[in-house]
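Chain by chain, the residues run as shown.
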Amino acid sequence: MNRLADVPSRALALWTIAFFSLLSSCVSSTDVSPTDAGSPAAEVSAGKPDVPAPSDAGAEANAGPGSDADTDLGPGASDVGQKVSDARPSTPDVAPGGDGGGASTAKDLIGQLLASIDQKEVQQAVMELYGMSLPNRASGTANYRKATEWAKVMVEAKAPAVKVTFIEMAGLRNTEIVLPGTDPSAGMYIVGGHMDSVAAGPGADDDGSGSIGTMFVARAFAKFKFKSEVRFMLFDAEERGFVGSTQYARALRMTCEPTTCLKLYVNLDMISNDPRNRAAINVTTTDPQLRALHTQINTDYMIGAMLVFGGNNCGTSDDCSFQRSGYKTIEIKEDDFSPNWHRPSDTMANQNVTTMTKNIKLAAGVLASLAGIEGVR
Ligand SMILES: [Zn+2]
């Protein structure tokens, strides 16, 4: 999370010139080929306000199922799936099963996917990442690089179907995880967080939580097949002005149209602060269909979140980079903004892993529905 004001237009213009001049000379290991555009955003980040904004004042609360609020997913994914109504948009009712033993419904498959996201494993990952984040995990540090290497192993060990690539540019490293889709015409979705912290603290919540969330969505997704390609991103230098994500989104825009190619970017930045144990999750979208989908996923799979919907204001995190490149974005994040933000006290002790796991499941369920889950691998 970074309360950076918009990058001045002059800096953006200069950056655009630098971007195009460097485009042909840079080589990436992926077909996306993000290029080094310098870091003008970093230049303006020194002037960013150091005051967190409150949650959206006009946000609308939308409580999940009351009695189910603290209920974990049942052991039987099929049982969960049978509670789903048929209103989910753009998801096939019936998809071929991967085992030849009959068709599995998308509802069943999403239930299975969400059940595979284990809170104890999330807790373990939180501990491991924290252990390599003292005193901080700032961009350019050995701790940052160690964390990205840990993330690569963590994902590859559980998700052989994905390809994990470090995209290195001018001392920065974005980590890109790609799960190919089965239908090239179905476009793609991206979920991401940022692996760097500020220098002032270990960044357990900001954004170790969203980075781990992104990794766990990737690990769960890799066991299934989707029509759409899904990418999982761990960005560098968010705290210096969304630098890694800006490079990535601008390069992507050269070959990937909004709406038809990248259909939605989902940002996970600060998803674990919840000292009151309210399980309140803030979803920043004004799209009524997306709001309805979040409500439906939360209810149907008994995630137990209290959804709070707000508008999507560009300027606080990596979703802004995608908005500036013309893409549709949402954020899924803690509703209680952390008082430990950008402080040494942003520690593991102040993370609520139960609420964090609900955030992860909500994001995974929404993405699995949108990306057209169609079977197991
Ligand atoms: Zn931050």
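Residues numbered from 1 in each chain as written. Predicted model: local features only at pLDDT ≥ 70, side-chain atom pairs only at ≥ 80, totals over all residues.

J.: Would you mind showing me how to read the overall build of the chain here?
T.: Within the chain, the regular secondary structure consists of 11 helices and 13 strands. The burial tally for the chain puts 54% of its 377 residues in the buried class. Taking as baseline every contact in the chain between residues at least 6 positions apart, the subset at least 24 positions apart corresponds to 82%. (Helix = DSSP H or I, 4+ residues; strand = E, 2+ residues; numbered from the N terminus. Buried ≥ 20, exposed ≤ 12 C-beta atoms within 10 Å, placed from the backbone. Contact = placed C-beta atoms within 7 Å.)

J.: How should helix H8 (residues 243–253) be read in this particular structure?
T.: One turn of the α-helix equals 3.6 residues, which is why residues spaced by three or four share an orientation. By the criterion of burial, H8 is predominantly enclosed, with 10 of the 11 residues buried. What H8 keeps buried is the set Val243, Gly244, Ser245, Thr246, Gln247, Tyr248, Ala249, Arg250, Ala251 and Leu252.

J.: Which parts of the structure should I look at to understand the packing of helix H5 (residues 119–131) against helix H11 (residues 353–370)?
T.: Each pair of packed helices can be summarised by the angle the axes make with each other and by the distance between the axes. As a packed pair, H5 and H11 sit with axes 10 Å apart at the nearest point and diverge in direction by 110°. It follows that H5 is roughly perpendicular to H11 by the angle criterion. Read as a crossing pair, H5 and H11 show a hand that is right-handed. In this structure, H5 uses Gln119, Val122, Gln123 and Val126 to contact H11, whose residues at the interface are Val353, Thr354, Met356, Thr357 and Ile360. (Axes fitted to C-alpha atoms, helices over the stretch in contact; angles between N-to-C directions. Parallel < 35°, antiparallel > 145°, perpendicular 65-115°, else oblique. Left-handed = near helix turned anticlockwise from the far one by under 90°.)

J.: Quick question: what am I supposed to make of unusual backbone geometry here?
T.: Glycine aside, residues mostly have negative phi, and peptide bonds are mostly found in the trans state. Of note, the bond from Leu134 into Pro135 is cis; its omega dihedral lies within 30 degrees of zero at 5°. With respect to the element layout, Pro135 can be found in the loop between H5 and helix H6 (142–158). Here the residue pair Asp206 and Asp207 is connected by a cis peptide bond, since its omega of -5° sits within 30 degrees of zero. Note on placement: Asp207 falls in helix H7 (residues 204–221). In this structure, Asn277 is a non-glycine residue whose phi angle is positive, near 60°. Note on placement: Asn277 falls in the loop between strand E9 (262–267) and strand E10 (280–284). Given 11 C-beta atoms within a 10 Å radius, Asn277 is considered exposed. Positive phi outside glycine occurs at Met302, with the angle close to 50°.

J.: How should I be thinking about the confidence of the model for the chain in this particular structure?
T.: Detailed conclusions should not be drawn from predicted coordinates in areas where pLDDT is low. With 73% of its residues at a pLDDT of 70 or more, the chain shows a mean pLDDT of 81. Here residues 5–102 is modelled with pLDDT under 50, and outside its nearest four sequence neighbours on either side it reaches 170 contacts, counting other chains as well. (pLDDT = per-residue confidence, 0-100.)

J.: Where do I start with the environment of Ile271 in this structure?
T.: Position of Ile271 among the secondary structure elements: in the loop between E9 and E10. Classification of Ile271 by C-beta neighbours within 10 Å gives buried; the count is 34. In this structure, the C-alpha to C-alpha distance between Ile271 and Lys358, residues 87 residues apart in sequence, is 9.2 Å. In contact with Ile271, not counting residues within four places along its chain, are Ser209, Gly210, Gly213, Ile332, Lys333, Glu334, Met356 and Asn359.

J.: So what exactly am I meant to see when it comes to the pairing of strand E5 (residues 172–179) here?
T.: Across a regular strand the side chains alternate sides, sitting on one face of the sheet and then on the other. Of all the 8 residues making up E5, 8 are buried; the element is thus mostly covered by neighbouring parts of the structure. In E5, alternate side chains face the same way, and those of Leu172, Asn174, Glu176 and Val178 on one face and Arg173, Thr175, Ile177 and Leu179 on the other are all buried. Sheet analysis places strand E4 (residues 163–169) next to E5, joined by 7 bridges and oriented antiparallel. When the bridges of E5 are listed, Met169 appears paired with Leu172. Here E4 folds back onto E5, and the loop between the two strands holds 2 residues, one of which, Ala170, carries a positive phi near 50°. (Pairing = 2+ DSSP bridges.)

J.: Please clarify how the nonpolar core should be interpreted in this entry.
T.: In this structure, Val217, Ala218, Ala363, Ala364 and Leu367 are the most contacted members of the largest nonpolar core, which totals 85 residues. In terms of residues, this core owes the most to one element, H11, which gives 10 residues. Apart from residues lying up to four places away in sequence, Ala363 is in contact with Val191, Gly213, Val217, Val266, Leu268 and Ile332. In terms of nonpolar packing, the next biggest core, distinct from the first, is built from 7 residues, Ile167, Met169, Leu172 and Cys320 among them. (Core = buried A, V, L, I, M, F, W, Y, C linked by C-beta atoms within 7 Å.)

J.: How should H6 be read in this particular structure?
T.: Taking 1.5 Å as the rise per residue, H6 with 17 residues should run 24 Å; its terminal C-alpha atoms sit 25 Å apart, in good agreement. Residues of H6 that are buried: Asn143, Tyr144, Ala147, Thr148, Ala151, Met154 and Val155. Looking straight down H6, one finds that the buried residues subtend no more than 135° of arc, so they occupy a single side. Relative to its buried face, H6 has exposed residues pointing more than 90 degrees away, namely Ala142, Val153 and Ala157. Looking at the packing, one finds that the buried side of H6 touches H5, E4, E5, H7 and strand E8 (229–235). (Expected span 1.5 Å × (residues − 1). Arc of directions from axis to C-beta.)

J.: Is there a simple way to explain the packing of H5 against H7 in this structure?
T.: Here H5 crosses H7 at 130°, and the two axes come no closer than 10 Å. Between H5 and H7, the interaxial angle falls into the category oblique. Where H5 crosses over H7, the two elements pack in a sense that is right-handed. Contact residues: Val122, Ala125, Val126, Leu129 and Tyr130 in H5; Ala204, Gly208, Ile212 and Phe216 in H7. Its residues assigned to classes, the contact of H5 with H7 comprises 8 nonpolar, 1 polar and no charged. (Nonpolar A, V, L, I, M, F, W, Y, C, P; charged D, E, K, R; others polar.)

J.: Which parts of the structure should I look at to understand the pairing of E10?
T.: Among the 5 residues in E10, 5 count as buried, and that is most of the element. With burial as the criterion, each face of E10 is covered, one bearing Ala280, Asn282 and Thr284 and the other bearing Ile281 and Val283. Judged from the 5 bridges that link them, E10 and strand E11 (residues 306–310) form a sheet pairing that is parallel. Looking across to E11, one finds that Thr284 is bridged to Gly310. Note that the unit made of E10, helix H9 (residues 288–300) and E11 has a crossover that is right-handed. Pairing of E10 with strand E12 (residues 329–334), which is carried by 3 bridges, proceeds in the antiparallel orientation. Following the sheet pairing, Asn282 is matched in E12 by Lys333. (Right-handed = clockwise from strand over helix to strand, strands pointing away.)

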